[in-house]
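Analysis of the macromolecular model
Spelled out from the first residue to the last, the chains are:
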Amino acid sequence: MTTIPAIDLMGRLRSGNSTAPRLTWYGPDSERVELSGRVLDNWVAKTSNLLQDELDAEPGMRLRLALPAHWKALVWALAGWQLGLETVLDDGAADFLATDDPSGAGDQHDAVIAVALPALAMRWTGELPAGCLDYAAEVRSHGDVFMPHSDPDPSACAIRTHDGRTILHSDLASGFALHHSEGARVHVPADHGLESALANALGAWQHDGSVVLTHADVALTDKLLADERIHGS
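Residues numbered from 1 in each chain as written. Predicted model: local features only at pLDDT ≥ 70, side-chain atom pairs only at ≥ 80, totals over all residues. Heavy atoms only, no water.

So, the pattern of salt bridges
Definition in use: For this analysis, a salt bridge means a side-chain nitrogen from Lys or Arg found within 4 Å of a carboxyl oxygen belonging to Asp or Glu. Strands here mean DSSP runs of E at least two residues long; helices mean DSSP runs of H or I at least four residues long; both are numbered from the N terminus.
Enumeration according to the criterion identifies eleven salt bridges in this entry. The shortest N-O distance in the salt bridge between Arg160 and Glu86 comes to 2.6 Å. One end of the pair, Arg160, is in strand 8 (residues 157–160); the other, Glu86, is in strand 4 (residues 86–88), and 74 residues separate them in sequence. We note a salt bridge from Asp163 to Arg165, for which the minimum N-O separation is 3.5 Å. Linked by salt bridges that have partners in common, Arg32, Glu34, Arg185 and Glu228 make up one network.

Have a look at this one:
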């Protein structure tokens, strides 16, 4: 099987020290979610399987993430990259749309997936537009292990940055991820945007580190910094 950095990363996260925290989220209303490497890989595998088995996603297709910087948005990006999809962060054309506001999705996508952001949401609250897939209700039924039907193309586009750079799948680790020291526990403010969160998280994970992602409403207190053992750079 052809490998790309995203596939290699998921392999590292689910092996070795797989129970160590890799992604911690602080959200509104005292919400705290912590994912170990194994649990993060589990969410990503289920999401990749949903894309591949239910929506017929194939390498080279485009996945638009109309989501804020949030732990579920990171899961979606990793799932798309593992499949060899291009992640779209602006309003560009895409085959699939994952959004926390499906009401204005329109009909220009092959599939629209409504992503409820609360951690304990078991389904979307309220009515969904016709044909819209409920991520929270569907994802848990998919397999915990991802086996791609087709090899991803390392030379295909993985993401286009806000400053216009085209990052290939083969270059996600070297050309997009931000450098962090070995084993760093990195704080990432969600209000810096999803692209920043993705670049920081990839950079931390590839050096055996972890990320604490905080919503703009969460105060970064000395207690939080100490409790989360945020360190490194």
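Here's the deal with the pairing of strand 11 (residues 210–214)
This is how the line gets drawn: Note on exposure labels: buried denotes an accessible area under 20% of the residue type's maximum, exposed denotes more than 50%, and partly exposed covers the range between, all computed with a 1.4 Å probe on protein chains only. Only strands that DSSP links by at least two bridges are regarded as paired with each other. Handedness is read with the strands pointing away from the viewer; a crossover is right-handed when the path from the first strand over the helix to the second is clockwise.
Most of strand 11 sits inside the fold, with five of its five residues counted as buried. Here strand 11 shows a buried face lined by Ser210, Val212 and Thr214 and a second buried face lined by Val211 and Leu213. In this sheet, strand 11 lies alongside strand 1 (residues 21–27) in parallel orientation, the contact comprising four bridges. The residue of strand 11 that forms the bridge with Thr24 is Val212. The sheet contact formed by strand 10 (residues 185–189) and strand 11 spans five bridges and is parallel. Each residue of the ladder has a partner; that of Pro189, found in strand 11, is Thr214. With helix 6 (residues 194–205) bridging strand 10 and its parallel neighbour strand 11, the resulting β-α-β unit is right-handed.

Looking at the side chain of Ser18
Here is the rule: The contact criterion used is simple: two residues touch if any of their non-hydrogen atoms lie within 4.5 Å.
Relative to the assigned elements, Ser18 resides in the loop between helix 1 (5–13) and strand 1. Beyond its immediate chain neighbours, meaning those up to four positions away, Ser18 contacts Leu13, Ser36, Gly37 and Arg38.

A word on the layout of surface pockets
Regions of empty space are outlined by a rolling probe, equal in size to a water molecule, passed over the atoms. To keep things clear, this is the line we draw: The definitions used throughout rest on a 1 Å grid laid over the protein atoms alone, on which a cavity is an enclosed set of points accommodating a 1.4 Å probe that cannot get out and a pocket is an open set flanked by protein within 12 Å on both sides along at least five of seven lines; lining residues are those having an atom within 4 Å of a point. Grid points are joined across faces, edges and corners, and a volume is the space filled by probe spheres set on the points.
In this structure, the largest pocket spans a volume of roughly 170 Å³. Lining the largest pocket are eleven residues, and of these Arg14, Gln82, Phe146, Met147 and Pro148 lie nearest its centre.

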